[in-house]
Amino acid sequence: MTARPQFYRFHQGAEVLPFAASEYEARLAGLRLIMAQQGLDAAVFTSMHNIAYYSGFLYCAFGRPYGLVVTQADCVTISAGIDAAQPWRRCYGDNITYTDWERDNYWRAIVSVTGQGRHVGYEGDHLTLLQHEKLKAFMAPTAMTDIAPATMLQRMHKSQAELDLIRAGAAVADVGGFAIRDAIKPGTREIDVAMAGRDAMELEIAKRFPDAEYRDTWVWFQSGINTDGAHNPVTSRVLEQGDILSLNTFPMINGYYTALERTLFVGEVDDASLAIWEANIAAHEYGMSLLVPGAKCSDVTAKINAFFEERDLLQYRTFGYGHSFGVLSHYYGREAGLELREDIDTVLEPGMVISMEPMLTIAEGQPGAGGYREHDILFVTEHGNEDITRYPYGPEFNVVG
């Protein structure tokens, strides 16, 4: 019978990375400093966001485990045989492919890099209980430390290369927004409008980033009662005159998510809806003015809460007022330490990227019923902020169809 290895290296084709090698070298240098400070011999990453952040490779799990092992000398992605050499072509550093001829070859591949009896860093917010036990069984660590909080803090501070990519992503989101606006008219289905925005963004990404992998770009376009939740999926509901609409475009470029969200109306807007819309816009503008170096997330939140409370609208708020951007999607990578909520005391610093996105939801049957959302992405700068979103908000531009 043919000998079947537990793991092997399958490297073919040219490497194509989202960023220059120097970018990954800088990120790994920062990580290795964290490891040295915490006394770690090796870090074993299992999440999509940290593997992508430190290596460039964004995996597609389909029920299989993937990993990245970093030591002071090595950076090695661990991937399944079904992906062949694609992980190597898309990662900075080495790559090992594990086989499924024998259970747990994934962990044997990891141990081939780290050895046993080491102080190991892991991601406490991602490693499952099952894999946690396997880590201990195969690696026999002398100690284990949750490295996830420190890596999240590193990711929250963006490099210039990341800022450039996020800026491009915001521009792509705007392209999708304008395409959606052009597609809105009574009698059109939500799904048809959403497809127009998604197609426009994917074409724009392919034009701007010809060497990228294209996946996960999407649109949530909601109308009427479907606007009540920010993450409500697209349906085949037909647009009607006077409908409230929510435009949400989400381009994905090399694992980096950006977003545009706007309130619109079909053809006309009634007085009650206009009053709620304008109040939410005022909160949006006020909130953006607060996003400056030295501001504390919880303090920003308290000020916007007070703004809404003065107008008897706070009870209609549905979630926090903004969050960090970077290696992020709807299923991986949220940097929970940089969110505009009451329980987050992070202080804003230059190089951070954060959204302002107040939302009010008025229940069906009440005057002004629907969900109102505006969303801009801002760079925190040395002296204030820069709004990189260009699609206009408000009734002058967004009563359409």
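This structure is a prediction, so every number in the text was calculated from the model and none was measured. (Residues numbered from 1 in each chain as written. Predicted model: local features only at pLDDT ≥ 70, side-chain atom pairs only at ≥ 80, totals over all residues. Heavy atoms only, no water.)

**Brief notes about the side chain of Thr263**
Put simply, the test is: A run of DSSP states H or I qualifies as a helix once it reaches four residues; a run of E qualifies as a strand once it reaches two. Both are numbered from the N-terminal end. Each residue's exposure class comes from its accessible area (1.4 Å probe, protein chains only) as a fraction of the maximum for that residue type: buried when under 20%, exposed when over 50%, partly exposed otherwise. A 3.5 Å cut-off defines polar contacts: any pair of N or O atoms within that distance qualifies, except that in protein one atom must be a possible hydrogen donor and the other a possible acceptor, and neighbouring residues in sequence count only when both atoms are side-chain atoms. Residue contacts are counted whenever heavy atoms from the two residues lie within 4.5 Å of one another.
In this structure, Thr263 sits in strand S12 (residues 260-266). Overall, Thr263 belongs to the buried group, its relative accessible area being 0%. Only 2.8 Å separates the side chain of Thr263 from the backbone nitrogen of Arg373, close enough to count as a polar contact. Leaving out residues up to four positions away in the same chain, Thr263 has contacts with Ile244, Leu245, Trp277, Gly371, Tyr372, Arg373, Glu374 and Asn398.

**What about helix H9 (residues 271-290)?**
Let me state the cut-off plainly: A helix is expected to span 1.5 Å multiplied by its residue count minus one.
Along its 20 residues, H9 runs 29 Å from first to last C-alpha, staying within 8% of the 28 Å computed at 1.5 Å per residue. Here H9 has its buried residues at Ser273, Ile276, Trp277, Ala279, Asn280, Ile281, Ala283, His284, Gly287, Met288 and Leu290. The opening residue of H9, the one whose side-chain oxygen lies 3.2 Å from the backbone nitrogen of Ala272, is Asp270.

**What to know about the packing of helix H2 (residues 48-55) against helix H6 (residues 148-156)**
Rules: Note on definitions: angles span 0 to 180 degrees between N-to-C directions of axes, and those axes are lines fitted to C-alpha atoms, for helices only across the stretch in contact. In what follows, roughly perpendicular refers to angles from 65 to 115 degrees, roughly parallel to angles under 35, roughly antiparallel to angles over 145, and oblique to any angle outside these ranges. Left-handed is the label given to a crossing in which the near helix is rotated counterclockwise from the far helix by less than a right angle, and right-handed is the label when the rotation is clockwise. Classification used: nonpolar for Ala, Val, Leu, Ile, Met, Phe, Trp, Tyr, Cys and Pro, charged for Asp, Glu, Lys and Arg, polar for all others including Gly.
In the contact formed by H2 and H6, the axes pass within 11 Å of each other and the chain directions differ by 55°. Here H6 runs oblique to H2, going by the angle between their axes. Both H2 and H6 take part in a crossing whose hand is left-handed. On the side of H2, the interface is formed by His49, Asn50, Tyr53 and Tyr54, while H6 contributes Thr151, Gln154 and Arg155. Classifying every residue of the contact of H2 with H6 gives 2 nonpolar, 4 polar and 1 charged.

**A short note on the sheet that holds strand S17 (residues 385-387)**
Put simply, the rule reads: A pair of strands counts as paired when DSSP detects no fewer than two bridges linking them.
Strands sit in the order S13-S16-S17 across an open sheet of 3 strands; the sheet is antiparallel. Looking at strand neighbours, the two that pair on one side only are strand S13 (353-356) and S17, the edges of this open sheet. Neighbour-to-neighbour, the strand axes of the sheet open up by a mean angle of 35°, direction not taken into account. Bridge count for S13 against strand S16 (residues 376-380) is 4 bridges, and the pairing is antiparallel. From the neighbouring strand, Val353 faces S16, where its bridge partner is Phe379. Relative to S16, helix H7 (residues 160-183) is tilted by about 160°, and along the sheet it contacts S13, S16 and S17.

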